[in-house]
Amino acid sequence: VKQTKRRGRQPPCPPGLPIIGNLHQLGELPHQSLCRLSNKYGPVMLLKLGTVSTVVVSSPETAKQALKDHDLHCCSRPSLEGTRKLSYNYLDIAFSRFDDYWKELRKLCVKEVFSMKRVNSFQPIKQMEMKKLIDSITESAFEKTPVNLSETFYSLNVNVVCKAAFGVSFQGSVLDNERLQDLIHEALEMMGSFSAADFYPYFGWIIDWFTGLHARRERSVRDLDAFYEQMIDLHLRKYREERSEEDFVDLLLRLEKEEAVLGYGKLTRNHIKAILMNILLGGINTSSITMTWAMAELARNPRVMKKVQFEIRDIIGENSKGRIISFDEIDQLSYLKMVVKETFRLHPPSPLLVPREVLSEFQINGYTIQPKTRLHVNVWAIGRDPEIWKDPDEFIPERFMDCDIDVKGQHFELLPFGSGRRICPALYMGTTTVEFGLTNLLYQFDWKLPEGLTVEDIDMEEGSGLTAHKKHDLQLVPVKALDF
Ligand code: HEM
């Protein structure tokens, strides 16, 4: 009785099995399985994943208690195998535990990389990449062949992020684009793949050796490391003299040279690589996943597609050749912004956010959450909760009309970027990237289904992994829309 009193009231716990606990209940798509479990066990659940206690919250009220009222108690990150090596022992922003180093690093990056000023300075790069993309889609339109939009958005973002962050074009010279995409893809898989070591801290690594996961992960880390080395070398040797503008690699190298101190030590080469990892792996996939879902939803909802295209073409006006719509112009497109919000509601790319680790005891709904517990917020479940959203499975952007809900972490019914101290620092970069890509493609082209397919044939299945991405690539046929 003493023990129970000291530990307080535990959240409801779905019954598990010996040794594995609730691991078998996660399935291929953990956010969906956890949503079903929370319908039965409530908006605060305690699960045993292997030997690790994990709390899952699944309602706006409980998310607010965790991410706002008690943010300070749960804003650290767990040490996970998949992220340890990729982040050079947690020297990055996303997986570093909550300490002075993380605070200073995040502050520096918010100022230097993710600021509105810096993001807006990428505009010419985005415009140039968009122009190339439109030219290539125009060819497909001419030949009436489908465009693989999943791949298209992915490589658009690879080009933009890499040019903006590394100041480098990958066309031919340093590393071929396809190879880089494979590298990023493999690293993301390794980050998301089930690792026994994360659930059985003392002996799980043995299982990872046998399954081959360990070796695959080592290879992925080695390849990425070689890529960063190449980038850094290029900046140190010749690249600097060719440009006046300081990109992010230049900035970090300058700080290294100046022996900048972050938290507990000096900034070293490994710190630089860990930060580059966050930009590569955090920046590319999330935006392209969102853009792909948005186009899939629009193709399935011709009414919304027509309405958003009408808005863009009406406000932006005539289509002169090579006209790329800028960030400023996008600001006037209120329906387009509702389409993006509605996409984030149904398809948050990071459906369980990034796991947090509890630092000190606190309570949610009167249940005690113990230190060291892992914490997930199921934003996917919140986005589809019929108690909050009318017709939750329908794609209805109008629900955001005359309503002040936004994605900035203050409205707990819509949290695609998280909230609190760990909120995505690239919220502005992410939303502008998505809005910019969609607006331009919707302005220039009408989009039809491939021959023989109907709206019902568009599947909305999610693929397994860390992110909630569309499982099957989206293929649509562009039609050049000149007369509007
Ligand atoms: C549509 C675009 C994006 C979405 C939906 C998104 C979503 C998220 C989410 C849910 C988190 C975790 C928040 C939490 O733990 O509460 C996060 C963290 C983070 N994101 Fe994003 N993100 C996007 C774009 C980007 C971009 C473009 C970058 C970088 C170039 C980026 C870099 C990061 C970093 C570094 C963190 C870790 C923050 C920390 O732990 O302090 N994200 N993001």
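Residues numbered from 1 in each chain as written. Predicted model: local features only at pLDDT ≥ 70, side-chain atom pairs only at ≥ 80, totals over all residues. Heavy atoms only, no water.

**Description of the overall build of the protein chain**
Looking only at helices and strands, the protein chain features 19 helices and 11 strands. Expressed as a percentage of its 484 residues, the buried residues of the protein chain come to 57%. Sequence separation of 24 or more characterises 75% of the internal contacts of the protein chain that already satisfy a separation of 6 or more. With an accessible surface of roughly 22,100 Å², the protein chain has 54% of that area assigned to carbon and sulfur atoms. (Helix = DSSP H or I, 4+ residues; strand = E, 2+ residues; numbered from the N terminus. Buried < 20%, exposed > 50% of the residue type's maximum accessible area, 1.4 Å probe, protein only. Contact = heavy atoms within 4.5 Å. Areas by Shrake-Rupley, 256 points an atom, 1.4 Å probe, with all protein chains shown as cover.)

**Some words on the packing of aromatic side chains**
Applying the stated criterion across every chain yields a total of 7 aromatic pairs. Relative to Phe436, the ring of Phe327 lies with its centre 5.8 Å away and its plane at 75 degrees, an arrangement referred to as edge-to-face. On the criterion of sequence distance, the pair formed by Phe327 in helix H16 (residues 327-330) and Phe436 in helix H19 (residues 427-444) is long-range, its members being 109 residues apart. As far as the burial class goes, Phe327 and Phe436 line up, both buried. Consider the rings of Phe344 and Phe417, whose centres lie 5.3 Å apart with planes at 65 degrees: the pair is edge-to-face. Placement of Phe344 in helix H17 (residues 334-346) and of Phe417 in the loop between helix H18 (379-383) and H19 is noted, with a sequence separation of 73 residues between them. Note on accessibility: Phe344 and Phe417 belong to one class, buried. What links up through ring pairs into an aromatic cluster is the set Tyr88, Phe227 and Tyr228. The lysine or arginine in question, Arg345, covers the ring of Trp389, its NZ or CZ lying 5.4 Å from the ring centre. (Phe/Tyr/Trp six-rings, centres within 6.5 Å; stacked < 30°, edge-to-face > 60°. Lys NZ or Arg CZ within 6 Å of the ring centre and 35° of its normal.)

**A word on the nonpolar core**
Of all hydrophobic cores here, the largest spans 110 residues; its most connected members are Leu280, Met295, Leu441 and Trp447. With 15 residues, the top contributor of residues to this core is helix H14 (residues 269-300). Leu280 has contacts with Cys162, Phe166, Ile184, Leu224, Phe227 and Tyr228, leaving out every residue within four places of it along the chain. Within the second largest apolar cluster, 20 residues are counted, among which are Cys74, Ile369, Val377 and Ile382. (Core = buried A, V, L, I, M, F, W, Y, C linked by side-chain atoms within 4.5 Å.)

**Examining helix H13 (residues 248-257)**
Each α-helix turn comprises 3.6 residues. Residues three or four places apart therefore point the same way. Counted residue by residue, H13 has 7 buried out of 10 residues, so it is predominantly covered. Count one or two residues on from H13 and you reach Glu259, which has phi positive near 55 degrees.

**Here we look at the site of the ligand**
Around the ligand, 29 residues are found, and the nearest of them are Arg77, Trp102, Arg106, Arg422 and Cys424. Within the contact set of the ligand, an oxygen atom lies 2.8 Å away from a side-chain nitrogen or oxygen of Arg106. A distance of 2.9 Å separates an oxygen atom of the ligand from a polar side-chain atom of Arg422. Counting residues per element, the ones that place at least two in the shell around the ligand are helix H5 (100-112), H14 and H19. (Near = heavy atom within 4 Å. Polar contact = N/O pair within 3.5 Å; in protein donor to acceptor, adjacent residues only side chain to side chain.)

**With respect to the sheet that holds strand E11 (residues 475-480)**
Across the sheet, 3 strands lie side by side as E3-E11-E10; this open sheet has antiparallel pairing. Because the sheet does not close on itself, it has two edges, and the strands there are strand E3 (147-148) and strand E10 (445-448). The sheet contact formed by E3 and E11 spans 2 bridges and is antiparallel. Each residue of the ladder has a partner; that of Val147, found in E11, is Leu476. The strands touched by H19 are E10 and E11; relative to E10, the strand with the most contacts, the crossing angle is about 90 degrees. (Pairing = 2+ DSSP bridges. Axes fitted to C-alpha atoms, helices over the stretch in contact; angles between N-to-C directions.)

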